[in-house]
Amino acid sequence: MAARTKSAKDRPSYRCTECGWTTAKWLGRCPECQAWGTVEEFGGAPAIRTTAAGRVSTAALPIGQVDSRQATARSTRVPELDRVLGGGLVPGAVVLLAGEPGVGKSTLLLDVAAKAASEDHRTLYVTAEESASQVRLRADRIGAIDDHLFLAAETDLSAVLGHLDAVKPSLLVLDSVQTVASPEIDGAPGGMAQVREVAGALIRASKERGMSTLLVGHVTKDGAIAGPRLLEHLVDVVLSFEGDRHARLRLVRGVKNRYGATDEVGCFELHDEGITGLTDPSGLFLTRRDEPVPGTCLTVTLEGKRPLVAEVQALTVDSQIPSPRRTTSGLETSRVSMMLAVLEQRGRISALGKRDIYSATVGGVKLTEPAADLAIALALASAAGDTPLPKNLVAIGEVGLAGEVRRVTGVQRRLAEAHRLGFKHALVPRDPGRVPSGMKVTEVADMGDALRALPRRPRPDGPREDGARR
């Protein structure tokens with residue numbers, strides 16, 4: 001007699017102890033959170049349920065009759081942050097700000113919390129990583145003291161929700177979402193299930209109260225936001241806070257924004273008295289000098305829609321080892337190596353192969369876009385020949401392996417920014433479009449045209465052998 005087949009109710013099911021994902025069969029690795037050895041049997045398979053139609057909370061309206069005033073942004077009184085947010089904070093919006101430890105996230109949000117607080121709009125700052133006295137010391141240092149800014153140190157989700165009922169804030173700042181836990185969910189703070197529950201509860205509270213919420217998020221060693229990817233999908237805005245802790249410049253980039261564009265960048269300067277916005281940050285990336293110096297070239301990079309003038313520096317010295325050094329700072333090593341190869345093969349500059357080469361940017365800015373190729377190549381050629389480029393010259397363009405100079409996006413915006421800062425001469429690819437009045441623009445087709453900007457061609461070190469190519 002055939003054995004009786006087990007019903008769905010009798011079959012066991014399995015659940016991931018880390019994120020709560022369920023399945024009908026055992027797996028060694030959870031496909032949701034990618035954790036190994038966390039799938040365990042916990043009972044019968046989940047019964048298949050159907051949801052019946054219920055009462056609606058709000059009747060559907062023609063889209064033209066929906067009141068859009070409820071989604072009007074309110075300024076944070078920090079213009080650089082408003083630029084990235086698309087005008088300010090929308091009531092009910094949830095913003096996730098992520099960055100490396102020590103980059104200045106807490107300093108920025110404490111400053112925002114104090115400036116946004118008013119008699120009609122209370123602000124609640126919840127710290128789960130520091131004590132209240134530590135936050136008060138930072139507030140005294142940066143001048144973030146306001147009678148309508150409330151401070152609480154909590155790590156329990158239910159206590160945070162209780163503070164919301166007591167204070168009734170218009171803005172909530174939580175530092176950070178990975179250190180708050182719910183007692184009703186198993187797992188340590190920062191786990192997949194805990195982060196999901198905490199974020200879900202705060203998002204529901206924000207939407208119900210019309211309260212804006214700023215969440216601080218941790219990042220992994222690779223720079224990605226820690227926690228489940230679902231967290232980024234749940235929130236309305238995702239911001240990335242970037243910067244070298246040894247430099248003053250800080251950048252806030254929009255990664256996701258349901259209320260505005262994601263190609264805006266806010267610039268800040270971190271100093272002992274706090275953090276301030278920079279409406280004109282190009283001065284941080286330039287070196288003011290009376291006479292031009294060999295090995296330096298200026299370019300204009302685009303951070304989102306924002307043009308920034310930056311300086312590329314190069315230095316070449318005789319190598320004391322068989323394999324010459326190639327050191328970069330603020331530049332991609334692969335792009336610098338490509339420019340060295342192009343200069344040697346297409347520009348006929350053979351003095352670079354056996355020398356130590358150092359290249360860097362000024363002010364901690366990182367140049368990763370191809371538009372800086374021409375400036376990198378000219379800086380290297382200038383350093384090799386010990387010949388300075390003309391004063392007030394900027395170079396914009398991508399350089400190919402065949403030595404051609406290619407067009408890049410936003411040439412007109414770049415030239416307008418260079419002209420605003422007083423630069424009179426620019427090397428650009430062909431067909432740059434409208435040129436600012438009073439600015440001399442030289443179109444270059446290849447590296448040969450670009451190297452003619454040097455007063456004289458650099459020569460290789462040492463005597464030339466008979467029959468060498470000139």
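Think of each chain on its own: its residues are numbered from 1, step by step along the sequence as written. Local features in this predicted model are restricted to residues of pLDDT 70 or higher, and side-chain atom pairs are both shown and tallied only at a pLDDT of 80 or more, whereas totals for entire chains, interfaces and linings draw on every residue. The basis for the side-chain values is all heavy atoms of the structure; hydrogens and waters are excluded.

S.K.: In this structure, what is going on with the packing of helix 2 (residues 105-116) against helix 3 (residues 132-142)? I would like to understand it.
M.R.: What describes two packed helices is the angle between their axes and the distance between those same axes. For helices, the fitted axis covers only the stretch in contact; all axes are lines through C-alpha atoms, and the angles between them, taken along N-to-C directions, range from 0 to 180 degrees. Helix numbering and strand numbering both begin at the N terminus, where a helix is a DSSP run of H or I of at least 4 residues and a strand a DSSP run of E of at least 2. The N-to-C vectors of helix 2 and helix 3 enclose an angle of 70°; their axes lie 10 Å apart at closest approach. The angle between helix 2 and helix 3 places the two elements in the roughly perpendicular class. In the crossing of helix 2 with helix 3, the sense of the turn from one axis to the other is right-handed. Counting all contacts with helix 2, which are made through Ser 106, Thr 107, Leu 110 and Asp 111, the residues of helix 3 involved are Val 135, Arg 138, Ala 139, Arg 141 and Ile 142. Residue classes follow a fixed rule: Ala, Val, Leu, Ile, Met, Phe, Trp, Tyr, Cys and Pro count as nonpolar, while Asp, Glu, Lys and Arg count as charged, and any other residue, Gly among them, counts as polar. Within the contact of helix 2 with helix 3, the residues separate by chemical class into four nonpolar, two polar and three charged. Orientation categories follow fixed angle ranges, with anything under 35 degrees roughly parallel, anything over 145 roughly antiparallel, 65 to 115 roughly perpendicular, and all other angles oblique. Each crossing gets its hand from how the near helix is turned against the far one by less than a right angle, where anticlockwise is left-handed and clockwise is right-handed. We call two residues contacting when some pair of their heavy atoms lies within 4.5 Å.

S.K.: Would you mind going over the environment of Lys 366 with me for this structure?
M.R.: With respect to the element layout, Lys 366 can be found in the loop between strand 16 (355-361) and helix 8 (373-385). Placed 37 residues apart in sequence, Lys 366 and Ser 329 show a C-alpha to C-alpha distance of 8.1 Å. Beyond its immediate sequence surroundings of up to four residues, Lys 366 is in contact with Glu 303 and Gly 330.

S.K.: How should the sheet that holds strand 6 (residues 149-153) be read in this particular structure?
M.R.: Within a sheet, each strand pairs with its neighbour through backbone hydrogen bonds, oriented either parallel or antiparallel. Whether two strands pair comes down to DSSP finding at least two bridges between them. Here we have nine strands laid out as an open sheet, ordered 6-5-7-8-4-9-10-11-12, and mixed in their pairing. Strands at the two margins of the open sheet, each flanked by one partner only, are strand 6 and strand 12 (274-277). Pairwise comparison of adjacent strand axes, ignoring direction, gives a mean angle of 20° for this sheet. Note that strand 5 (residues 123-127) and strand 7 (residues 171-175) share five bridges and pair parallel. Of the residues in strand 7, the one forming a bridge with Thr 127 is Asp 175. Against the sheet, helix 2 engages strand 4 (94-99), strand 5, strand 6, strand 7, strand 8 (212-217), strand 9 (237-242), strand 10 (249-257), strand 11 (265-271) and strand 12, with an angle of about 155° to strand 5. Its contacts with the sheet put helix 3 on strand 5, strand 6, strand 11 and strand 12, and the angle it makes with strand 6 is roughly 145°.

S.K.: Honestly, the environment of Val 435 in this entry has me stumped. Any pointers?
M.R.: By the element assignment, Val 435 lies in the loop between strand 20 (425-428) and strand 21 (440-443). For Val 435, a relative accessible area of 33% translates into the label partly exposed. Separated by 23 residues in the primary sequence, Val 435 and Gln 412 place their C-alpha atoms 6.8 Å from one another. Buried means the residue's accessible area, taken with a 1.4 Å probe over protein chains only, is under 20% of the maximum for its type, while exposed means over 50%, and partly exposed covers the values in between.

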